[in-house]
Structures are given as structure tokens and as C-alpha cells.
Amino acid sequence: MIRGYNTREYGISYFSRLVGLLFQDPDSQLVCPTVEDEVAFGAENYAVPPEEIKRRVDENLKLMRIKRYRERNPHRLSGGEKQACALAAVITMLPKIFVLDEPTSNLDPIGSHMVLDLITSLAKRERRTLVIVEHKLAELLPLVDRVIVMNEGKIILNGTPQDFIENADKMAEIGLKPPQVSLLADKLKKYIPSIPPLLTLEEAIKFLPQILDRTKVKNSFNSLHQEKREFKSSNRPVIETQDLWHVYPGGTTALKSMNLKIYSGEYVAIVGQNGSGKTTLVKHFNGLLKPTKGRVYVYGEDTFKKRIDELSTIVGYCFQNPDFQLCCRTVEKELRFGPENVKLPEKEIEKRVKDVAEIFGLKEYFNENPFSLSKGQRQKLAVASILTMEPKILIVDEPTTGQDYKTGKNMMEFYKRLNERGRTVIIITHDMNLAAEYAKRTIVLKDGEVFMDGSTREVYSQAKKLEETYLKPPQITELFQALSDYGLPPDVLTVDEATNYVVEHIIHRGE
Amino acid sequence: MAFEYVPGNTFFHRLDPRVKIALIAAFIVMAVSFSDPIWLGCVYFSLLMIIRYCKLPWDRVKGFLKGITLVVAVYMLFNTIYPPVTLSDPLIFFYLIPPSSLPISLDGIVWAIGAVVRFLIILTLLRVMLMITPMKQMILALVKFGLPPEFGLALTTGFGYLPVLADENQKIMEAQQARGFRYGYRNPIKKFKALFTQLLIPAISNSMRRTQDIAIAIESKGFSYDPRSRTYMHSIKFQKTDYVTLAVTVFILVFAVLARPIFGWANYTFTLSLIKNLML
């Protein structure tokens, strides 16, 4: 029942006037040739008079801050702007209820911040019912009135955000990702039963000093670990770029004078906003792109002298969206595709396919069509079909986008094991928590240049500098940095580290 | 992109899209009915003047012309050798295969030049009109002429998605190359085979999924609520200039239809006889 109408008795177009839907993928919901037409489209369909449509369109373009793109093809906007345009299109229909389905999951940090900001201002202004389906809870929880948690088709929690964070560890178990400060509070409960549940960074900043023993903290040293980068400089670099420039045919300079060395066995995260050159850079590592100036060496060999199919046996590159990678009729053929292309002997192919299928549990699906698998399985298959090439270097572009926390984490654990067995792993990501937890070295790109490069701890401890690229360290790192006056180390990266640290420096009231 | 609108506020930009369609018709009738290179040249020249007047980016027009050079050359050769009109007493220069097959004659060349200009007129015309008319208006005009709104929407959405699809296909090819598949063959047959066998399946299954998503998006904005009585934010309306331009266009149209059959003008023999007189 929606506002008293039975959903079985009326068609979709009857309800879309009452319930405005915003979907996850902005590309699939923009159907008109210009931004203006897109925003007007819904209202036109319900035969709203042209004058009224014009008024609403003007108002909403302004509200969503995309007025200057009026005449542009919506597909040529940035991710955040596309979603803003789609949102404007929904608002113009004046629905009574808004339903937003993971509106930020395909966006980079700037984009998702922008969209969440717009949604908040919308909710405040319109006072309409707003339903958001989302994984990103740290930003969202403080904004909402009520949280409904679903698992396997059942509602397992229906209450306030406070109720949610009181059960933070239980929520984490079913694959959700509560705000890091809530997790910290939850973990500290064992030691300090009186700790209140924490929802926002501000609450945590206020609360934490009360339980810390100032004298103890002051005496301890300011930085957690002074670990150096883990590679030895005597190691030969496996990838080396020398004054690498890339200018696209249209004249856009994507990379400027990059000098990077990546050593054998490293685990590197490359982070940066959309358009900062991350993907362009790694496409040079397997020869998909060639420098317009400068050189790239892979295992000492100039990529100009190698074809992509030769490099593909050394550098495996897993793309962001599995749907663009799968291309065969069965799962088995998919796994064989790479090794067959480079004409490995049949015996070797069979062995590799068998091994990889076992690791990923894909054996039972051998004869299924890859496109009929679930999204998580498709992602697995995409990675598996690269691993049958047994590349020495594995590059993964956005390993967790569009997945829930648990699936993403499992994949990350898998890459970690590969890395421990000696493979060089490079991940490209927007997800700072992920980079912080797994990568040993972090390279920050900004406008086609290497902006920061160092051990992950070094990079995240410089929050000010990081801010220039609109990236934020994990919430837990921010918390500790905000309390640096109390002597807390600025380079804590995970909740576990933070918990251990706090426990060591708690005021032991009973003593 | 080939079909992208170039914003502007010139006389031609402002015309009602229905008048623009009439104008397209007039030009096409002229191009088809005339066969004389000089007459056709004048028509093409006026088209170039429109491009200039509307301040359209010349680079894009030029780039497009460059792209079709090979086709034009082949078209020219065929028309020279086999002009579809019977030539009376042609002035033959030489035979491509002596002694007497595939003749190259003055008459053939004059005819072929006309044919090439005609070809260029039609292609350039369509491109220019799409550059000065927003897709939405063009479709709206077609809907007013009786095209069902559903078709109109399909057309606009289709064109809007071209850049997205091109990007996706690029990604698919790159992903396969990253797994050792070769696209970069010199041999066009091998290249075509690689494209056909490897790109087709993922491209189709992707666009099918995409189509479903788009259909849901369109539904959720209520398109099927009552497409026939939906309103349009910018409706199109005839202005005074539109009536005047339409009258001129109709006049041109009538003239173009009558010129050759009634007055015997604009026939390729006009230029031919000019040249022959000069040679004598």
C-alpha cells in the first residue's frame, strides 16, 4: 500500500508521481539529450503546464547547483553532477516520498560528499519522507531519524541510529560497516562499561579525553610506528616510469612528468579523485597506453617494445566493472580465455584453470553463463580469469565498488594473501579505509602528478596535505589527529590499533 | 560527436524545426534533380555560406569531409566510367583498358563531378542541420508530423547514449587486451574477425542490460502515464520569419522540381557545352 493505494492495482507510472526513485548508476537513468530536458522529462509526462515546468526546472537546477550545464548532454557530466542531475529530475516531479537507492555508491569522495550534502539540504527544505538505501553509514547515520536493517530478506533492526550503534558489532557481523567511532566505543565497552555509544566524530572527540590518562599519554611517543617502507632499495624495481607524460588526443594532459618506482612484492594503493590520472597511469603498466613522452619499464623492458599480449602475462589488470571483462559463454571458457590467447600448452592451461577454480569455488559453475552469475560471483570470476594468466604484478581497479562491506573485505583478504606469497599488488581506490587497512605504501595523485608517496602511515598522518586533494583519512585517524593535543598518535589506521592504544592509556579508575 | 548540437542564436538556429525539415527537403530535391556541376556547385556554395553564417566550427565540417575522401574518390571513378545517362557522341580521352573498354571521357568527367557534388550536398546538409537544431526540437517536429512520441523518445535516448556505448565498447576491448587478446591486426579481415567474435557477445549482453535499466528509469518518471497528452517545456510555434522562410522554401522546391524537365536548366550538358565551346 502506498498512501492508501494498493500497489497491485495500479501501474508503475501511477506511483512514480507519488514516489520518486533515484537509482545507483547515474548512467542508466539519464534518458534525455540535455540536462534541462532531463529535469523537465518527468513533469512533461504528467502533462504539467509548460510555464510551471520551466519554473520548477529553474528552481531545481539552481538547488542542485548544475544550472550552468543546462544545455549539456547529461552523460558528459562528472559522476557527482550526473547524480545531481538525476536527483533534480526526480524532485521536479514533486513526489511525496523520495526513495534513493545507493545514490553515492558509484561516486568518488567529492561526488558522494556533494550528493549527500544535496540530499540533506533537500530533506531539510522539503520536509518530505526520504528513504535511502545505503552502505556508507558513517556520513549518513547522523542525518536520519530511523534505521531499518535487512539481512537475507528479513528485517532485523528497526529503530533509531542510537539503537543501531548500540549493536555495532552485531551489525558488522552481517557485513555492514558502522561508523568507526561507534566500533571503537563498542570495543572499549569491555574495559569501560560506562562508555556511551558514539555516533559522530564530534561526539567521540568530546568524549575520549575524559577517559584518557593525560599524564600517561603525554609521556608516550607521538607516532605509533616509525616503520620504513618495507622494500629494500637494493631490490630491482618491477615497474619504473621515467618522466612519463600522457596527453590524450583531445589535448587533455592526463599525466605530468611522473617518476615512480614500484618494487617487487610491494602492496601499493593509488588514490586520488576521478580525473586525477589513476587509471591512465596503470594502463601504462600493461601497455594499454603508451607514454606520449618519457618511458615506462616493466621488469626492465621498455613497454614501447612490447605488445599488450606479451605484457599481459606479466601484469594482470582487473577492471572496475566485471561486466566489461567477461566475454565468454561459460565460466570455464572465461578462465581459459587468457591462457589460450597467449597460447600456453593445453596441460598447463588445464592445471591453472583447475587450481584457480578451486581457490574461488567456481568449479560447480563451470558450464554456466558468466552473465547469469550474481554480481559478487562475476567479480570473483573476473579476478579469477586474470589469475589464470599467473601475472607477477596484479593491478585491481576499485576492488570493492558496488559490493557490500563483507564481500569487499573477503576480496581484499585474498589479495593480501597473494601479496604475502610474493606477488606485487597495486590497488586503485577511493576508499580510504581500505587503503589504510591493507596497503603498505600509498601514492596520492592529484591533477596528473604524484602529490604524495610514502608508507601509508606517513601519508595519512599528513591530514592537512591530504585535504588539498579532497581526500579524508579514515574516521578513526581523524579522531586521533583531532586529539593530538592530548598526545595521541596521528597515524593510527584501524579501529583495532586505536582500541589497543586507548586501552593502554586508559585511566584505570579502580586502581 | 557527429550529431552534437552547436548552440547559437542565428537566423537559422532560430527557425522552427518544421521549416528546417522543409528546407532539408528543398535542398535534397535540388541535389537530386540537378545534374550540372556549376548549378550544383552554387547549391553547395550556399550551404557553405550557411555554415559560415551560423559560425559552425569549420574543423568539424572539414574533419568529416576528410573522413569520406576515399568513398568520394571511388564514387567519382565509377560515375566517370559508367555514367548512368547515355552519352551522345562523348569526347573520349583514353581507355583504361585499351583498346575499347572503360572509357574516360569529358562527358563522363563532367557528369561525375556533378554526382560527387550532389553526394556532398546531401551529406553536408544533414550534418549542418543537426548541428543547428537541438535533437529534442527535431524529434518534436517529427512528432508534430505524426511520429508516435514513443518513437521520438527512442530516437533521442538512442542518440544520447551513443557516447556511453562507445566508452563501454572501448572498455570491453581494453579488458580483453589485458588478458592477452589481440585486436591490433594489420590485416582487415583478421581485425574484423577479432571484433566480431570477441566484442559482439559482451557488447550485446551489456546493452541489453542497459536497455532494461533505461526502460525502468523511463517508467519511473511516468512516461507511459499518457504519452499522447504529455506537455513539452519548450513547445514550438511558427513566427513571422518562419512563414516567410517557408514560403521561400516552397518556391525553391517548386523551382527545383520544374527547372530541368520544363525549362531544361541545370542539366550537365550546360557545363559540357560551355567547356566544348571554350575548347573549340
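### Digging into the overall build of chain B
Of the regular secondary structure elements, chain B holds 11 helices and 2 strands. Secondary structure elements of chain B occur, N-terminal to C-terminal, as α-α-α-α-α-β-β-α-α-α-α-α-α. Its C-alpha atoms give chain B a radius of gyration of 24 Å, more than 25% over the compact-globule value 19 Å for 280 residues. Along the first, second and third principal axes, the C-alpha atoms of chain B reach 75 × 60 × 30 Å. By the burial criterion, 42% of the 280 residues in chain B qualify as buried. The contacts in chain B between residues at least 6 apart in sequence include a share of 73% that link residues at least 24 apart. With 28 positive and 14 negative side-chain charges, chain B shows a spacing of 4 Å between the two charge centroids.

### Considerations on the sheet that holds strand β9 (residues 293-298) of chain A
Residue and element names in this part refer to chain A. Ordered in space as β7-β6-β9-β10, the 4 strands form an open sheet in which the pairing is antiparallel. Two strands bound the open sheet, and with one partner strand each, they are β7 (253-263) and β10 (301-302). As paired elements, strand β6 (residues 237-247) and β7 share 7 bridges and run antiparallel to each other. From the neighbouring strand, His-246 faces β7, where its bridge partner is Leu-255. Of the strands in this sheet, β6, β7 and β9 are in contact with helix α12 (residues 278-285), which crosses β7 at around 55 degrees.

### A closer look at the packing of aromatic side chains
Per the stated rule, a full pass over the model turns up 17 aromatic pairs over all chains. On the basis of an interplanar angle of 20 degrees and a centroid distance of 6.4 Å, the ring pair of B:Trp39 and B:Phe255 is categorised as stacked. Residue B:Trp39 is found in helix α3 (residues 37-53), and its partner B:Phe255 is found in helix α10 (residues 240-263); the two are separated by 216 residues along the sequence. Residue classification places B:Trp39 among the partly exposed positions, given a relative accessible area of 24%. By way of ring pairs, the aromatic residues B:Phe34, B:Trp39, B:Phe255, B:Phe263 and B:Trp265 are connected into one cluster. The residue whose ring lies beneath A:Lys465 is A:Phe451, and the NZ or CZ to ring-centre distance is 5.3 Å. If you follow B:Arg230 out to its NZ or CZ, it ends over the ring of B:Tyr232, 5.0 Å from the centre.

### Comments concerning the sheet that holds strand β8 (residues 267-271) of chain A
Paired through their backbone hydrogen bonds, the strands of a sheet run either parallel or antiparallel. Residues and elements named next belong to chain A. Within the open sheet, the 6 strands sit side by side as β11-β12-β13-β8-β14-β15. Their pairing is mixed. Looking at the sheet topology across the chains shown, the edges are occupied by β11 (315-318) and β15 (449-455). Each strand of the sheet is rotated relative to its neighbour by a mean of 15 degrees, with strand direction disregarded. Relative to strand β12 (residues 393-397), β11 runs parallel, the two sharing 4 bridges. Within the sheet, the bridge partner assigned to Val-315 lies in β12 and is Ile-393.

### Points about the pattern of salt bridges
Pairing is possible between side chains that carry opposite charge, provided their charged atoms lie close to one another. Per the stated rule, a full pass over the model turns up 35 salt bridges over all chains. A salt bridge links B:Lys136 to A:Glu44; its shortest N-O distance comes to 3.3 Å. Placement of B:Lys136 in helix α7 (residues 135-144) and of A:Glu44 in helix α2 (residues 35-45) is noted, with the two residues assigned to different chains. According to the relative accessible area criterion, B:Lys136 is buried, its value standing at 19%. By relative accessible area, A:Glu44 is classed as buried at 1%. For the salt bridge of A:Lys306 with A:Glu301, the shortest nitrogen-to-oxygen distance reads 3.5 Å. One network of salt bridges, in which partners are shared, links A:Asp37, A:Glu44, B:Lys136 and B:Arg230.

### A look at helix α4 (residues 79-91) of chain A
All names here are of chain A. Taking 1.5 Å as the rise per residue, α4 with 13 residues should run 18 Å; its terminal C-alpha atoms sit 19 Å apart, in good agreement. Counting buried residues along α4, 12 of its 13 residues qualify, which places the element largely inside the surrounding structure. Turning to α4, its buried residues number three or more, namely Gly-80, Glu-81, Lys-82, Gln-83, Ala-84, Cys-85, Ala-86, Leu-87, Ala-88, Ala-89, Val-90 and Ile-91. Check the buried side of α4 and you find it contacts β1 (19-22), α2, α3 (50-63), β2 (97-101) and α5 (109-126).

### Looking at helix α9 (residues 180-188) of chain A
Residues and elements named next belong to chain A. When you tally the buried positions in α9, you get 8 out of 9 residues, the bulk of the element. Buried within α9 we find Gln-180, Val-181, Ser-182, Leu-183, Leu-184, Ala-185, Asp-186 and Leu-188. Each element contacted by the buried residues of α9 is listed here: α7 (161-166), α8 (168-173), α10 (201-211), α18 (432-438), α21 (475-482) and α22 (495-504).

### What to know about the nonpolar core
Residues and elements named next belong to chain A. In this structure, Tyr-267, Leu-335, Phe-360, Leu-387, Tyr-415 and Val-444 are the most contacted members of the largest nonpolar core, which totals 45 residues. Tallying contributions element by element places helix α16 (residues 375-387) first for this core, with 6 residues. Setting aside anything within four residues of it in sequence, one finds Tyr-415 in contact with Tyr-267, Val-383, Leu-394, Val-396, Pro-399 and Val-425.

### Quick notes on the state of the cysteines
Residues and elements named next belong to chain A. If you walk through the whole model with that rule in mind, you get 0 disulfides over all chains. Here Cys-85 is not cross-linked by a disulfide; its sulfur's nearest cysteine counterpart is in Cys-32, at 8.8 Å. Its sulfur unpaired, Cys-328 is 3.9 Å from the next cysteine sulfur, which belongs to Cys-327. Since its relative accessible area comes to 10%, Cys-328 is described here as buried.

### Quick look at the interface of chain B and chain A
Contact with chain B, which involves 49 residues of that partner, is made by 61 residues of chain A. Taking both partners together, chain B and chain A bury about 4,900 Å²; carbon and sulfur atoms supply 58% of that area. In terms of surface lost to chain A, no three residues of chain B exceed B:Arg179, B:Lys221 and B:Met233, which account for 21% of the buried area on that side. Between the two partners, chain B and chain A, sit 8 salt bridges.

Definitions and limits used
Residues numbered from 1 in each chain as written. Chains lettered and ligands numbered in written order. Predicted model: local features only at pLDDT ≥ 70, side-chain atom pairs only at ≥ 80, totals over all residues. Heavy atoms only, no water. Helix = DSSP H or I, 4+ residues; strand = E, 2+ residues; numbered from the N terminus. Rg over C-alpha atoms; globule rule 2.2 N^0.38 Å. Buried < 20%, exposed > 50% of the residue type's maximum accessible area, 1.4 Å probe, protein only. Contact = heavy atoms within 4.5 Å. Lys, Arg positive; Asp, Glu negative; His and termini not counted. Charge placed at Lys NZ, Arg CZ, Asp CG, Glu CD. Pairing = 2+ DSSP bridges. Axes fitted to C-alpha atoms, helices over the stretch in contact; angles between N-to-C directions. Phe/Tyr/Trp six-rings, centres within 6.5 Å; stacked < 30°, edge-to-face > 60°. Lys NZ or Arg CZ within 6 Å of the ring centre and 35° of its normal. Salt bridge = Lys/Arg side-chain N within 4 Å of Asp/Glu carboxyl O. Expected span 1.5 Å × (residues − 1). Core = buried A, V, L, I, M, F, W, Y, C linked by side-chain atoms within 4.5 Å. Disulfide = S-S within 2.5 Å. Buried area = accessible area lost by both parts, 1.4 Å probe.

Any functional reading would require information beyond the geometric quantities listed.
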